[in-house]
Amino acid sequence: MIDLHCHSTFSDGSCTPAQLVEMAHAAGLTALALTDHDSTNGIESFMAACARPVNGKTLLGVPGVEISADIQKGTMHVLGYFLDTTNGPLQEVLTQIRDGREIRNRKIVAQLQAMGMAITWDEVRSYAGEAVRRLPSTAANA
């Protein structure tokens with residue numbers, strides 16, 4: 001049995017890449033793909049965890065990504081597998097997508113605050129975990 005679509009704390013998942021591998025072993029999977037949204041930041045630790053034997057068995061780790069693409073009717077997600085995480089142009093595009101999402105999310109927080117909701121960006125970041133990073137203040141206010 002295999003799972004070719006899972007997310008870690010580097011995206012919208014609640015488990016670290018290593019925890020996902022532990023769960024896959026426990027479930028008897030033979031292969032697992034890490035396909036975080038617009039990020040390959042968890043792939044290195046994921047692949048290392050897959051290579052560590054559990055009960056004499058390793059897990060086939062598939063380095064992947066789920067790329068958000070804007071289309072006329074909304075957003076489409078494209079899954080990519082066995083990718084080169086050191087590919088510069090790919091990483092540039094993923095960074096642009098994540099930066100755009102952070103700018104959008106900061107605007108949402110500001111709108112909620114304007115409606116009287118007691119929420120801060122730091123609170124949002126604390127729930128988002130590794131998936132959120134800080135943009136320079138000028139880009140964040142764009």
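What you see is a predicted model, and the numbers here were worked out from it, not measured in a lab.

### So, the packing of helix H1 (residues 17-27) against helix H2 (residues 43-51)
Okay, so step 1: The interhelical angle for the contact between H1 and H2, taken along N-to-C directions, is 30°, at an axis separation of 8 Å. Between H1 and H2, the crossing angle belongs to the class labelled roughly parallel. Taken as a pair, H1 and H2 cross one another with a handedness that is right-handed. Contacts between H1 and H2 pair Pro-17, Ala-18 and Val-21 from the former with Ser-45, Phe-46, Ala-49 and Cys-50 from the latter.
Okay, so step 2: Taken together, the residues of the contact of H1 with H2 break down into six nonpolar, one polar and no charged.

### A short note on helix H3 (residues 88-114)
Okay, so step 1: The end-to-end C-alpha distance of H3, which contains 27 residues, comes to 39 Å, matching closely the 39 Å that a straight helix rising 1.5 Å per residue would cover.
Okay, so step 2: Taken as a whole, H3 has its buried residues at Leu-90, Gln-91, Leu-94, Arg-98, Glu-102, Ile-103 and Val-109.
Okay, so step 3: Two to three positions downstream of the cap, the backbone nitrogen of Leu-90 sits 2.8 Å from a side-chain oxygen, assigning the N-cap of H3 to Asn-87.
Okay, so step 4: One or two residues past the end of H3 sits Gly-116, with phi positive at roughly 95°.

### Some points on the side chain of Thr-40
Okay, so step 1: Within the secondary structure layout, Thr-40 lies in the loop between strand S2 (31-34) and H2.
Okay, so step 2: A relative accessible area of 7% places Thr-40 in the buried class.
Okay, so step 3: One polar contact links Thr-40 to Gln-91, side chain to side chain, over a distance of 2.8 Å.
Okay, so step 4: Those residues in contact with Thr-40 that lie beyond four places of it in its chain are Gly-64, Val-65, Leu-83, Thr-85, Gln-91 and Leu-94.

### Points about the nonpolar core
Okay, so step 1: Within the largest apolar cluster, 13 residues are counted, with the highest numbers of intra-cluster contacts made by Leu-20, Val-21, Leu-32, Leu-34, Phe-46 and Leu-59.
Okay, so step 2: Going through the elements one at a time, H1, S2 and H2 are the ones with two or more residues in this core.
Okay, so step 3: For this core, the element with the most residues is H2, which contributes four residues.
Okay, so step 4: Discounting chain neighbours no more than four positions away, the residues touching Leu-20 are Cys-6, His-7, Ser-8, Cys-15, Leu-32 and Leu-34.

### Focus on the confidence of the model for the chain
Okay, so step 1: On average, the chain scores 89 in pLDDT, and the residues at 70 or more come to 90%.
Okay, so step 2: Helix H5 (residues 137-140) is the least confidently modelled element of the chain, averaging 42 in pLDDT, while S2 averages 98, the highest of any element.
Okay, so step 3: Throughout residues 136-142 the model reports pLDDT below 50, and contacts reaching past four residues in sequence, or to other chains, amount to six contacts.

Rules used in this analysis
- Residues numbered from 1 in each chain as written.
- Predicted model: local features only at pLDDT ≥ 70, side-chain atom pairs only at ≥ 80, totals over all residues.
- Heavy atoms only, no water.
- Axes fitted to C-alpha atoms, helices over the stretch in contact; angles between N-to-C directions.
- Helix = DSSP H or I, 4+ residues; strand = E, 2+ residues; numbered from the N terminus.
- Parallel < 35°, antiparallel > 145°, perpendicular 65-115°, else oblique.
- Left-handed = near helix turned anticlockwise from the far one by under 90°.
- Contact = heavy atoms within 4.5 Å.
- Nonpolar A, V, L, I, M, F, W, Y, C, P; charged D, E, K, R; others polar.
- Expected span 1.5 Å × (residues − 1).
- Buried < 20%, exposed > 50% of the residue type's maximum accessible area, 1.4 Å probe, protein only.
- Polar contact = N/O pair within 3.5 Å; in protein donor to acceptor, adjacent residues only side chain to side chain.
- Core = buried A, V, L, I, M, F, W, Y, C linked by side-chain atoms within 4.5 Å.
- pLDDT = per-residue confidence, 0-100.

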